[in-house]
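Structural overview for review
Listed below, chain by chain, are the residues.
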Amino acid sequence: PSTTTVLLPPPLQFPNGLGGFTDSGREYAVVLNRGQRTPLPWINIVANDGFGFQASESGAGYTWAGNSRENQLTPWSNDPVSDPVGEAFYLLDRDSGIVWTPTALPIRVEEASYISCFGHGYVRFQHRSNGIESDLVQFVASEDPVKISRLRLINRSSRTRRISITAYVEWVLGFSRIVNAPFVVTEVDSETGGIFARNPWNREFGSRIAFVAWDTPSDGLTCDRQEFVGRNGHLASPVALAIDGQLSGRYGAAFDPCA
C-alpha cells in the first residue's frame, strides 16, 4: 500500500496554479501542495432556504440558522489572512500520538497535499498523511436545518491502525461570540448522547436549540472549551488530544462553550 502524501487531483479546466474547474464545470477544485496557500480565503456557500454554512478551501467556515448575521451557530470571521476555525475534525493515531486534521486547518501537514472541491450543494475535502487517506463531504439537508458531515478514512499503510476521530464545534448562537458566549447553556441528551445548546439571552432566537450529534455513541465529550483547547491554548494543538485523556463530560452554564 502507498504511504505517499501527494494526492493526484482530477483533470482541471482553466487551471490558475491553485485550482480549476472539474467534471465539465460541475465542481471547482482547489489543490494545495507543499507551501501553497490561496492569497485570500476562497469560499463556497451551501444552504437551503433558512439554514446554511460557509466553507473555505482550508476547511474553515461557519454555520448559521435563520439569519446569517444575527444567528451564527459557529463563529464567522472576516479576517482575510488567518481564516480562523470554529468547526473542525481531528484524527489521532492512538499508537504514535500524532494528531492531524482532514482539512488544511487547523493543523497543516506541510509535506502533504489537500484537495477541496466545491460543488452545487456540497463541499469535499480530500487529504492523505500519516498513512491515512481521508475524504470529508459536507452538505445541508434539502429542507431541514441540518448540516451533515460524512468522514471516510482509508488505511494506506501496511499495518493495522487505531485512529480516534474528534469533532469540535465552537458555539456562538448570536451575532458575536464574545458577547453571547457567557449566556450559552449546554446539555447532553440522555437518549442519543448528542449535545444541545441554547442562548436564552438572544432576544429573537433564544427559544431555538442547536445540536451536535453522531451516528454512533461517542466515547467522551465536553462543553468546556478550556478543557479541550487548554488555558491560552490553540486549536492547532488542543491539550485534550495531546494528553489523550478522557474528557470530563462537563456541560451546563458559565463555560466558554463548545461541543
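As a starting point, this report considers the structure included with it.

Definitions and limits used
Residues numbered from 1 in each chain as written. Predicted model: local features only at pLDDT ≥ 70, side-chain atom pairs only at ≥ 80, totals over all residues. Heavy atoms only, no water. Pairing = 2+ DSSP bridges. Helix = DSSP H or I, 4+ residues; strand = E, 2+ residues; numbered from the N terminus. Phe/Tyr/Trp six-rings, centres within 6.5 Å; stacked < 30°, edge-to-face > 60°. Buried < 20%, exposed > 50% of the residue type's maximum accessible area, 1.4 Å probe, protein only. Axes fitted to C-alpha atoms, helices over the stretch in contact; angles between N-to-C directions. Contact = heavy atoms within 4.5 Å. Salt bridge = Lys/Arg side-chain N within 4 Å of Asp/Glu carboxyl O. Polar contact = N/O pair within 3.5 Å; in protein donor to acceptor, adjacent residues only side chain to side chain.

1. Overview of the sheet that holds strand S12 (residues 163-169)
If you trace the 3 strands from one edge of the open sheet to the other, you get S7-S6-S12, paired in antiparallel fashion. In this open sheet, the two edge strands, each paired with only one partner strand, are strand S7 (99-100) and S12.

2. A short note on the packing of aromatic side chains
For the structure shown, the criterion picks out 5 aromatic pairs. Measuring from centroid to centroid gives 5.5 Å for Tyr62 and Trp64, while their planes differ by 40°, and the two rings are tilted. When sorted by exposure, Tyr62 lands in the same class as Trp64, which is buried. When the centroid spacing of 5.8 Å and the interplanar angle of 65° are considered together, the rings of Tyr90 and Phe228 count as edge-to-face. Remark: Phe228 occurs in helix H2 (residues 225-229) and Tyr90 occurs in strand S6 (residues 87-93); sequence separation between them is 138 residues.

3. Concerning the sheet that holds strand S5 (residues 61-65)
The strand order S3-S4-S5 describes an open sheet built from 3 strands, whose pairing is antiparallel. Two strands bound the open sheet, and with one partner strand each, they are strand S3 (43-47) and S5. Pairwise comparison of adjacent strand axes, ignoring direction, gives a mean angle of 15° for this sheet. Pairing of S3 with strand S4 (residues 51-56) involves 5 bridges; the strand directions are antiparallel. The residue of S4 that forms the bridge with Ile45 is Gln54.

4. Examining the environment of Asn202
Here Asn202 shows up in the loop between strand S14 (195-198) and strand S15 (210-212). Taking the C-alpha atoms as reference points, Asn202 and Gly174, 28 residues apart in sequence, are found 6.4 Å from one another. Leaving out residues up to four positions away in the same chain, Asn202 has contacts with Glu70, Asn71, Leu173 and Gly174.

5. Some remarks on the pattern of salt bridges
Within the structure shown, the criterion is met by 15 salt bridges. Between Arg26 and Asp23 there is a salt bridge, and its shortest N-O distance comes to 3.8 Å. Classification of Arg26 as exposed rests on a relative accessible area of 56%. Two residues, Arg177 and Glu170, come together in a salt bridge whose shortest N-O distance is 3.5 Å. Residue Glu170 is classed as buried on the basis of its relative accessible area of 8%.

6. Observations concerning the environment of Asn16
Looking at the secondary structure, you find Asn16 in the segment before strand S1 (19-22). Residue classification places Asn16 among the partly exposed residues on the basis of a relative accessible area of 45%. Here the alpha-carbon distance between Asn16 and Leu91, two residues 75 residues apart in the chain, equals 31 Å. Beyond its immediate stretch of four places on either side in the chain, Asn16 contacts Tyr28 and Trp42. Side-chain polar atoms of Asn16 contact the backbone nitrogen of Leu18, separated by 2.9 Å. For Asn16, the side chain forms a polar contact with the side chain of Tyr28, separated by 3.0 Å.

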